[in-house]
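# Analysis of the macromolecular model
Here is how the chains run, residue by residue.
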Amino acid sequence: MTKTKRRGRLWAGLLAAAVLVLGLGVYWFQPWKLWQDSTVREALPTTSGRAAQPGPGSSAVPPGAPTGPQTLARGTLISHEHTTTGTVELIRLPDGSRTLRLEDLDTSNGPDLRVWLTDAPVKEGVAGWTVFDDGKHVSLGALKGNKGDQNYQIPADVNLADYRSVTIWCDRFDVSFGAASLTAV
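Presented here is an overview of the structure given in this document. (Residues numbered from 1 in each chain as written. Predicted model: local features only at pLDDT ≥ 70, side-chain atom pairs only at ≥ 80, totals over all residues. Heavy atoms only, no water.)

Let's shift gears to the pattern of salt bridges. Scanning the entire structure with this criterion turns up seven salt bridges. For Glu 89, the salt bridge is made with Arg 74, and the minimal N-O distance between the two is 2.9 Å. Here the residue Glu 89 occupies a position in strand 4 (residues 85-92), and Arg 74 occupies one in strand 2 (residues 70-76), the gap between them amounting to 15 residues. With relative accessibility at 14%, the residue Glu 89 sits in the buried group. The exposure class assigned to Arg 74 is partly exposed, which follows from its relative accessible area of 39%. In this structure, Asp 106 and Lys 147 form a salt bridge, with 2.4 Å as the shortest nitrogen-oxygen distance. Placement of the pair is Asp 106 in strand 5 (residues 98-106) and Lys 147 in strand 8 (residues 147-154), with a sequence separation of 41 residues. Given the relative accessible area of 35%, Asp 106 is considered partly exposed. (Salt bridge = Lys/Arg side-chain N within 4 Å of Asp/Glu carboxyl O. Helix = DSSP H or I, 4+ residues; strand = E, 2+ residues; numbered from the N terminus. Buried < 20%, exposed > 50% of the residue type's maximum accessible area, 1.4 Å probe, protein only.)

A few words now on the nonpolar core. Formed by 26 residues in total, the largest nonpolar core has its most connected members in Leu 90, Leu 100, Leu 102, Val 115 and Leu 117. Those elements that provide at least two residues to this core are strand 2, strand 4, strand 5, strand 6 (113-118), strand 7 (137-142), strand 8, strand 9 (165-170) and strand 10 (175-181). Residues Trp 116, Val 131, Phe 132 and Ala 179 belong to the second largest nonpolar core, which totals six residues. (Core = buried A, V, L, I, M, F, W, Y, C linked by side-chain atoms within 4.5 Å.)

Honestly, that's just the spatial picture; any functional story needs more than this.
This is the structure in structure tokens:
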């Protein structure tokens, strides 16, 4: 085999490897999401749509209790890996079920974003980017959109006393986009 043919095969092999690595990188990072916004405008639900089953930290609505939604805790989102703003509320609905509500959310879009209740303290800056998966957390599901107002049903067996913060968590890169400390109302 001539030196020119070997060199041509080497370059073809390097080019194929580069295309493969680039393709995998694009798939993994999904950079186009940085320029795609998804806005969700959900109204506050009046019921969960299922029969309420009291769990730990929750109880059936007692007689004489408020008949509308009741805010149990709230917080303001701070930025971590990406600029994030908005508010978070934990709300008990009239049927006794609970929901987490994000209002005026504005964050970056990204791959595999989740809404988590956690027991971790909210820390500002880089120190707060990765603390939320160190302890107890429960995923309420995939982030519905990176902008707007959204509701996430809290399972009946979740004891809210065990959780003190909420994070918009990127499960792909194990990093918080933003988080809020919850303060009882």
